[in-house]
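# Coordinates in review
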Amino acid sequence: MECKVSRCFLGRMLEITSGSVCLGVTLDVGPRIIKIAGKKGENIAFEDKLDQVNKDVSAIYGEGKTWHIYGGHRMWLSPEEESTYYPDCTRVDYVMTDNGAIFEPAEWKVKNVRPRLELRFDGKNGVEVEMSFVNTSSEAQKLCIWALTVLKCGGKLTVPLSTENTGYLANRNIVHWHYNDVNDSRFKLYNDKFVLTSTPDAAGPFKVGTMLKGIKAVYEYNGTVFTKECDAREGVYPDFASNLETYTSELIHEVETLSPIEEIAPGGKITHTEKWRIE
């Protein structure tokens, strides 16, 4: 494993290379995994260098405060509402471990949580991405971790669906958002999977969610294959019971997983871990 502090458009970045995988994590904002590269060496993470995706959050977080997507992978909270757009624009501390690194930004005020991101590389083409929040409030909170990987537009996402014979019971769901055109040519639904392609000439956004027993999504972009998987735990999920969601616009293609909504006692922690492969 090799690591170095380099520069990106967001300031300092810790680059970690292990096997054929190179990830870069921002140190002055976020954190964001702003670089995601495999053996081809191309960064497939979206980088919002022109600050095209942002949101004024001054009504909640104070005058002049703005949330920026920045790009790459981020950890967030769901269900989505105004206060989840935390303006994470301050320094990120980190420590190296035997097989990766741990990143800890400042506590998120208003939401009253302390985030933590840990990367664990397998030395080949894989890495575990562990995300956690500690409840710093004096009261219990219902929390759900939302893991969003914001990738470059122009690829193809394939999500396997259940083919289990469940008799009289349903075995899969497809969840739409209000802005979707259900006849959108970017979305193809098959008996055992759905496929969502993204294109810079898209007329509008498209988002779809589903519930999977084994969460898996594969994004192919310009010869790089990015796979994320995670365990599907029992519990209540947001968005009509979705634990995997994907969103695309003319700029980005997001691959998102969610943890169940849990009640976390003061000082308690919620954790969600994804397994990535980049080939």
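Here is a short report on the structure shown in this document.

Criteria and cut-off values
- Note on numbering: residues in each chain are counted from 1, in written sequence order.
- It should be noted that, the model being predicted, local features are given only for residues of pLDDT at least 70 and side-chain atom pairs only at 80 or more, the latter also being counted only at that level, while totals for whole chains, interfaces and linings use all residues.
- By convention in this description, side-chain values take in all heavy atoms of the structure and omit both hydrogens and water.
- To qualify as a helix, a DSSP run of H or I must reach at least 4 residues; to qualify as a strand, a run of E must reach at least 2; elements of each kind are numbered from the N terminus.
- Using C-alpha atoms as the atom set, the radius of gyration is obtained and then compared with a globule rule of 2.2 Å times the number of residues to the power 0.38.
- Classification of residues uses two cut-offs on accessible area relative to the type maximum, computed with a 1.4 Å probe and protein chains only: under 20% is buried, over 50% is exposed, and between them is partly exposed.
- Between two residues, a contact is recorded if the distance between any of their heavy atoms is within 4.5 Å.
- Here the open area of atoms and residues is found with the Shrake-Rupley method and a 1.4 Å probe, where only the protein chains shown may cover a residue.
- Being paired, for any two strands, means DSSP has found at least two bridges between them.
- Each nonpolar core is a collection of buried residues, namely Ala, Val, Leu, Ile, Met, Phe, Trp, Tyr and Cys, held together in the definition by side-chain atoms within 4.5 Å.

## Re the overall build of the chain
- Assigned secondary structure in the chain consists of two helices and 23 strands.
- At 18 Å, the chain has a C-alpha radius of gyration in line with the 19 Å of a compact globule built from 279 residues.
- Residues classed as buried in the chain amount to 52% of the 279 residues present.
- Intrachain contacts of the chain at a sequence separation of at least 6 include 64% that bridge at least 24 residues.
- As presented, the chain carries roughly 12,800 Å² of accessible surface, and 47% of it is formed by carbon and sulfur atoms.

## A few points about the pairing of strand β12 (residues 141-152)
- Taken across its 12 residues, β12 has 10 buried, putting it largely inside the fold.
- With seven bridges joining them, strand β7 (residues 72-78) and β12 adopt antiparallel strand pairing. Opposite Trp76, over in β12, you have Trp146 as the bridge partner.
- Pairing geometry for β12 and strand β22 (residues 262-264), over three bridges, is antiparallel. Paired with Lys142 across the two strands is Glu263, which belongs to β22.
- In terms of strand pairing, β12 meets strand β21 (residues 252-258) through seven bridges, oriented antiparallel. Looking across to β21, one finds that Leu151 is bridged to His253.

## What to know about the environment of Lys111
- Examined against the element boundaries, Lys111 turns out to sit in the loop between β9 (100-105) and β10 (113-121).
- Judged by relative accessible area, which is 15%, Lys111 ranks as buried.
- For Lys111 and Thr26, which are 85 residues apart along the polypeptide, the C-alpha to C-alpha distance reads 22 Å.

## Overview of the nonpolar core
- One finds Leu23, Ile33, Ile36, Phe103, Leu117, Leu119 and Trp276 to be the most contacted residues of the largest nonpolar core, which totals 64 residues.
- In terms of residue count, β12 provides more of this core than any other element does, eight residues in total.

## Details of the side chain of Glu245
- With respect to the secondary-structure elements, Glu245 resides in strand β20 (residues 244-248).
- Apart from residues lying up to four places away in sequence, Glu245 is in contact with Trp146, Trp177, Lys207, Val208, Gly209, Asp239, Glu254, Val255, Glu256 and Leu258.

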